[in-house]
Amino acid sequence: MKIHEYQAKEILAKYGVPIPQGKVARTPEEAEKVAAEIGGKVVVKAQVHTGGRGKAGGVKVANSAAEAKAAAEQILGMDIKGFTVETVLVEQAANIKEEYYLGITTDRAARRNIVMVSAAGGMEIEEVADKTPELIAREHLDPLLGLQDYQIRSLAWGAKLPKAAIKGIGPFLKALHKVYSEYDCTLAEINPLALTEEGTLIAADAKIDIDDNALFRHPELAEFREAQEDDPIEAEAHKRGLTYVRLEGDIGIIGIGAGLVMTTLDVVQREGGSPANFLDIGGGAKAEVVTTAIDTVLLDKNVKGIFFNIFGGITRGDEVAKGMLEAIEKMDIKVPIVVRLTGTRAKEGLELLEGSKLIPAATMQEGAQKIVAAIAA
């Protein structure tokens, strides 16, 4: 579950992290009122679950309450990467001298959490990692010991932070680690951690993602989850009981088992395709689930083709085939569908599909090649 910047800052503030004074506004008039309460220069920031707000015009500086109102009028209702801005954060503008990055996430390859610190704050960390990886200091955490003081020193010096930041970074990292651990986060960032001209450090922006599977331990976060704040297709898929993640490509991917689906994404990518989603229909999927999965994938208008990769264990191939045929009969499907079907009752399933518009494939690699070729035709 992703939460907004203002919500992340509320959590960090509970752990003693200094944040700028500010409030959320849902109308230009509310933004004007908040700006008047704060006084002086403020920043009006779109609250959406995506990056690049500044480049899209979703962050504006206002020198007065009237300017804050005008800025909110421009930002509210904006579309930023498919997300409609419904709220803005109006907060005191900081006199920023330098910006740094602090973040904690999971390194799956190392099977440990990893802490990252960089002097290149204010930028997307992926961009920094791609272009200037030497600017990022990293420390893996022992799951029993957690974040240690020597690691904080190593991170600060490794990131080549100035002395003013080195002296004050410890409390921020310790608080961030506590939030990450106690809230079952998959990501916790302060970006940027701002060093002001006055020599103080503040969390100028923050991002926190929380593991959905752990939300039962955090009932207090229920108010943070609003359906309209999620990707609309992901929200609909969740309502339908599907494990779906929207990506940015044009080939819909449906499979059984997370490992197989992820492998399918990689194979399609290797064959020159671009996956539009991850969708795991789960073991034992019946025909109606298959039909629902196809309908969900096609909610994304970018999808030009679908690759069904089914390796049946407890899932019967003939049930999957019935679902596909039902979908073709009920829905006006105009995109090609490639099917690789093997495993339990696969022979019976393939016999059912004979004579249909579906394109068969004997292997995953062949299926990836066929769907890439089909959408290019």
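Refer to the structure above for everything that follows.
Residues numbered from 1 in each chain as written. Predicted model: local features only at pLDDT ≥ 70, side-chain atom pairs only at ≥ 80, totals over all residues. Heavy atoms only, no water.

1. A closer look at helix H2 (residues 28-38)
- By the burial criterion, the buried members of H2 are Pro28, Ala31, Val34, Ala35 and Ile38. Summarising the axial view, the buried residues of H2 lie within an arc of 120°, below the 170-degree limit, and thus occupy one face. In H2, the exposed positions that point more than 90 degrees away from the buried face belong to Lys33 and Ala36.
- Close packing links the buried residues of H2 with strand E1 (22-25), strand E2 (42-46), helix H3 (65-75) and strand E6 (88-92).
- Backbone geometry just after H2 places Gly39 at a positive phi near 80°. (Buried < 20%, exposed > 50% of the residue type's maximum accessible area, 1.4 Å probe, protein only. Helix = DSSP H or I, 4+ residues; strand = E, 2+ residues; numbered from the N terminus. Arc of directions from axis to C-beta. Contact = heavy atoms within 4.5 Å.)

2. Side note on the pattern of salt bridges
- A full pass over the atoms with the stated rule returns 18 salt bridges.
- A salt bridge links Lys45 to Glu91, with the nearest nitrogen and oxygen atoms 3.4 Å apart. With Lys45 in strand E2 and Glu91 in strand E6, this pair connects stretches of sequence that are 46 residues apart.
- A residue is classified by how much of its surface remains accessible, and Lys45, at 8% relative accessible area, is buried.
- Classification of Glu91 by relative accessible area gives buried; the value is 4%.
- Look at the salt bridges and you will find they share partners, linking Glu5, Lys9, Lys45, Arg53, Glu91 and Asp205 into a network. (Salt bridge = Lys/Arg side-chain N within 4 Å of Asp/Glu carboxyl O.)

3. Quick notes on the sheet that holds E1
- Taken in spatial order, the four strands line up as E1-E6-E2-E3 in an open sheet, and their pairing is antiparallel. Whereas interior strands pair on both sides, the edge strands pair on one side only; in this sheet they are E1 and strand E3 (59-62). Strand-to-strand twist across the sheet, computed as the mean angle between neighbouring axes with direction ignored, equals 20°.
- With respect to the sheet, helix H1 (residues 5-14) is in contact with E1, E2 and E6, its orientation differing from that of E6 by roughly 50°.
- Most of the contacts of H3 go to E3, to which it runs at about 165°, and overall it touches E2, E3 and E6. (Pairing = 2+ DSSP bridges. Axes fitted to C-alpha atoms, helices over the stretch in contact; angles between N-to-C directions.)

4. Here we look at the packing of aromatic side chains
- According to the stated counting rule, one finds one aromatic pair in the structure shown.
- Ring centres of Tyr15 and Tyr183 lie 6.3 Å apart, and the angle between their planes is 65°; on these two criteria the pair is classed as edge-to-face. Here Tyr183 lies in the loop between helix H6 (163-182) and strand E10 (185-196) and Tyr15 lies in the loop between H1 and E1, a separation of 168 residues in the sequence. (Phe/Tyr/Trp six-rings, centres within 6.5 Å; stacked < 30°, edge-to-face > 60°.)

5. Side note on the nonpolar core
- Within the largest apolar cluster, 42 residues are counted, with the highest numbers of intra-cluster contacts made by Leu102, Leu161, Ile169, Leu173, Ile190 and Ile208.
- Those elements that provide at least two residues to this core are H1, strand E7 (96-107), strand E8 (112-118), helix H5 (149-158), H6, E10, strand E11 (201-203) and strand E12 (206-210).
- Top element by residues in this core is H6. It accounts for nine residues.
- Setting aside its immediate chain neighbours within four residues, Leu173 contacts Leu102, Val115, Val117, Leu147, Ile152 and Leu155.
- With 30 residues, the next largest nonpolar core counts Ala293, Ile306, Phe308 and Ile333 among its residues. (Core = buried A, V, L, I, M, F, W, Y, C linked by side-chain atoms within 4.5 Å.)

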